[in-house]
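# Structure at a glance
The chain contents come next:
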Amino acid sequence: MYYQVKNAVRAWSYEINQYVRDEVMDLEPHEYCVGAVFVIAIGFVLLSGRR
């Protein structure tokens, strides 16, 4: 049972890694900037709530 769960998690992580690699590696420079702006904005909102 443990090995089945371990193999399932490994297969799932491999699929996620491949998906992210395929999607992220094909972005244009302006798409990276848009993504960075979203990450920074979301981080700012989440961190400003702690004040």
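Nothing here was measured: the structure is a model prediction, and the numbers come from that model.

### Focus on the overall build of the chain
Counting secondary structure elements, the chain contains two helices and zero strands. Dimensions of the chain, computed from the C-alpha atoms along their principal axes, are close to 45 × 35 × 5 Å. Burial status across the chain gives 0% buried among its 51 residues. Of the roughly 5100 Å² of accessible surface on the chain, 67% is carried by carbon and sulfur atoms. Computed over 5 positive and 6 negative side-chain charges, the inter-centroid distance for the chain is 20 Å.

### Some words on a nonpolar patch on the surface
Together, Trp12, Ile16, Tyr19, Val20, Val24, Leu27 and Tyr32 give the surface a local cluster of nonpolar side chains, amounting to about 680 Å² of exposed area. In terms of residues, the nonpolar patch owes the most to one element, helix H1 (residues 2-24), which gives five residues. Among the structural elements, tyrosine 19 can be located in helix H1.

### Topic: a negative patch on the surface
Together, Asp22, Glu23, Asp26, Glu28 and Glu31 make up a region of like negative charge exposed at the surface. Positionally, glutamate 23 belongs in helix H1. Residue class for glutamate 23 comes out partly exposed when judged on its relative accessible area of 45%.

### Topic: helix H2 (residues 29-48)
Between the first and last C-alpha of H2 there are 28 Å, a value that for 20 residues agrees with the 28 Å anticipated at 1.5 Å per step. Burial analysis of H2 places just zero of its 20 residues in the buried class, a small minority of the element.

### Focus on the packing of aromatic side chains
Summed over all chains, the structure comprises one aromatic pair. Taken together, a centroid distance of 5.5 Å and an interplanar angle of 70° make the contact between tyrosine 2 and tyrosine 3 edge-to-face.

### Thoughts on the environment of valine 24
Relative to the helices and strands, valine 24 resides in helix H1. Here the alpha-carbon distance between valine 24 and valine 34, two residues ten residues apart in the chain, equals 13 Å.

Scoring rules and cut-offs
- Residues numbered from 1 in each chain as written.
- Predicted model: local features only at pLDDT ≥ 70, side-chain atom pairs only at ≥ 80, totals over all residues.
- Heavy atoms only, no water.
- Helix = DSSP H or I, 4+ residues; strand = E, 2+ residues; numbered from the N terminus.
- Buried < 20%, exposed > 50% of the residue type's maximum accessible area, 1.4 Å probe, protein only.
- Areas by Shrake-Rupley, 256 points an atom, 1.4 Å probe, with all protein chains shown as cover.
- Lys, Arg positive; Asp, Glu negative; His and termini not counted.
- Charge placed at Lys NZ, Arg CZ, Asp CG, Glu CD.
- Patch = residues over 30% accessible without salt bridge, like charges linked within 9 Å, V, L, I, M, F, W, Y side chains within 5 Å.
- Salt bridge = Lys/Arg side-chain N within 4 Å of Asp/Glu carboxyl O.
- Expected span 1.5 Å × (residues − 1).
- Phe/Tyr/Trp six-rings, centres within 6.5 Å; stacked < 30°, edge-to-face > 60°.

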